[in-house]
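Below, each chain spelled out in residue letters.
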Amino acid sequence: TMSVSVKPAVARSRRTVGQSIIETVVGIIFLIPIVLFLFDVAVLVLSNTANDNLAKSAARAAASATDGSGKGDGDEAEKAAKSIANNFAESPLIKKSDGTDFVTGFHWNGGTGNKSVTGGEAITPAPGDGQVAVITTMRVFLPVPFPFLPEKQDFKAKAVEPIVSISP
C-alpha cells in the first residue's frame with residue numbers, strides 16, 4: 001500500500017504565506033512615510049510655482065493698468081496688482097502670510113521721477129525707469145508635518161515687468 005503524507009506540504013505552505021504577510025507589513029511600514037514625505041514635497045513645489053505665477057500675473061496687471069487721473073503715481077497699478085492677488089483663492093494649505101494680502105511689496109517707477117513705494121517689504125534693487133516690481137508671499141502648511149520639517153513655510157516671489165500703460 002502506498003500512503004501519501006500531506007502534512008509537510010501544508011506546513012510549508014503556511015510558512016510561505018506567513019513569511020509573505022510579514023514581508024508585506026514590514027514593507028508598508030517603510031513605504032508609507034516615504035509616500036507621505038513625497039506628498040509634502042509635491043505640495044511645496046506646487047505652492048512655490050503658484051506663488052511665482054501669482055507674482056508674475058500681479059506685475060503684468062500693474063504694468064498694464066492705466067491711470068485715469070493723469071497723475072502717474074502708480075496708485076491704479078497697485079490696485080490692479082492687489083486685485084489679481086485678492087482673486088487667488090486661499091485653501092487650508094495656502095494662506096496669506098500676513099493675514100491680509102498676498103502682495104507684500106510693490107514698487108512702481110513711471111520714469112518721470114514719480115515713484116510709489118508701498119507695502120511692508122522693500123524691493124532691492126528697485127526697478128528702473130518704466131518698470132514695476134511686485135513681491136508676493138504665501139504661507140504654506142504641510143499636509144503631513146514631519147518632526148524634522150517646519151509645519152509651515154513662507155514662499156516669496158518677485159516679478160519685474162516693463163510698464164506698458166504710459167507713453168514716453
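This text follows the structure it describes.
Residues numbered from 1 in each chain as written. Predicted model: local features only at pLDDT ≥ 70, side-chain atom pairs only at ≥ 80, totals over all residues. Heavy atoms only, no water.

S.K.: What should I look at first to understand the overall build of the protein chain in this one?
M.R.: Summing up its helical and strand segments, the protein chain has two helices and five strands in all. For the protein chain, the N- to C-terminal ordering of α and β elements is α-α-β-β-β-β-β. Buried residues in the protein chain amount to 29% of all 168 residues. Sequence separation of at least 24 residues holds for 61% of the intrachain contacts in the protein chain that already meet a minimum separation of 6. For the protein chain, the exposed surface amounts to about 10,400 Å²; the carbon and sulfur share of it is 61%. (Helix = DSSP H or I, 4+ residues; strand = E, 2+ residues; numbered from the N terminus. Buried < 20%, exposed > 50% of the residue type's maximum accessible area, 1.4 Å probe, protein only. Contact = heavy atoms within 4.5 Å. Areas by Shrake-Rupley, 256 points an atom, 1.4 Å probe, with all protein chains shown as cover.)

S.K.: Can you walk me through a nonpolar patch on the surface in this structure?
M.R.: A cluster of nonpolar side chains, namely Val 17, Ile 21, Ile 22, Val 25, Val 26, Ile 29 and Phe 30, defines an oily patch on the protein surface of about 680 Å² accessible area. For Ile 22, the position within the fold is in helix 1 (residues 7–64). Ile 22 gets classed as exposed once you look at its relative accessible area, which sits at 55%. (Patch = residues over 30% accessible without salt bridge, like charges linked within 9 Å, V, L, I, M, F, W, Y side chains within 5 Å. Salt bridge = Lys/Arg side-chain N within 4 Å of Asp/Glu carboxyl O.)

S.K.: Looking at this structure, how should I read the pairing of strand 4 (residues 131–141)?
M.R.: The side chains of a regular strand alternate, first on one face of the sheet and then on the other. Of all eleven residues that make up strand 4, eight are buried, and the element is covered over most of its length. Examined bridge by bridge, strand 1 (residues 94–96) and strand 4 share three bridges and lie antiparallel to one another. Bridge pairing in strand 4 links Lys 95 to Arg 139. With six bridges joining them, strand 2 (residues 103–109) and strand 4 adopt antiparallel strand pairing. In the strand pairing of strand 4, Trp 108 is matched with Val 132. (Pairing = 2+ DSSP bridges.)

S.K.: I would appreciate a short explanation of the packing of aromatic side chains in the present structure.
M.R.: A ring pair, where both rings are aromatic, is described by two values, the distance of the centres and the angle of the planes. Evaluated as defined, the whole model comprises two aromatic pairs. For the ring pair Phe 37 and Phe 146, a centre distance of 5.9 Å and an interplane angle of 85° mean the geometry is edge-to-face. With Phe 37 in helix 1 and Phe 146 in the loop between strand 4 and strand 5 (152–162), this residue pair connects regions lying 109 residues apart in the sequence. Ring plane angle 90° and centroid distance 5.3 Å describe the contact between Phe 88 and Phe 102, whose orientation is recorded as edge-to-face. With Phe 88 in the loop between helix 2 (75–86) and strand 1 and Phe 102 in the loop between strand 1 and strand 2, the pair connects residues that are 14 residues apart, well separated along the chain. (Phe/Tyr/Trp six-rings, centres within 6.5 Å; stacked < 30°, edge-to-face > 60°.)

S.K.: How do you make sense of the pattern of salt bridges when you look at a structure like this?
M.R.: Opposite charge on two side chains makes pairing possible when the charged atoms of those side chains draw close. Under the criterion given, the structure shown has four salt bridges. One salt bridge connects Lys 79 with Glu 76, and the closest N-O pair in it is separated by 3.5 Å. In this pair, Lys 79 and Glu 76 both sit in helix 2, three residues apart, roughly one turn of the helix. In this structure, Arg 139 and Asp 154 form a salt bridge, with 2.8 Å as the shortest nitrogen-oxygen distance. With Arg 139 in strand 4 and Asp 154 in strand 5, this residue pair connects regions lying 15 residues apart in the sequence. The exposure class assigned to Asp 154 is partly exposed, which follows from its relative accessible area of 32%. Beyond isolated ion pairs, a larger network of salt bridges with shared partners links Glu 78, Lys 82 and Asp 101.

S.K.: In this structure, what is going on with helix 2? I would like to understand it.
M.R.: What sets the pattern is the α-helix's 3.6 residues per turn: residues three or four places apart point alike. The end-to-end C-alpha distance of helix 2, which contains twelve residues, comes to 16 Å, matching closely the 16 Å that a straight helix rising 1.5 Å per residue would cover. Where helix 2 is concerned, the buried positions are Ala 77, Glu 78, Ala 80, Ala 81 and Ala 85. One face of helix 2 carries all of its buried residues, which in axial projection span an arc of 160°. (Expected span 1.5 Å × (residues − 1). Arc of directions from axis to C-beta.)

So yeah, pure geometry; function would need other evidence.
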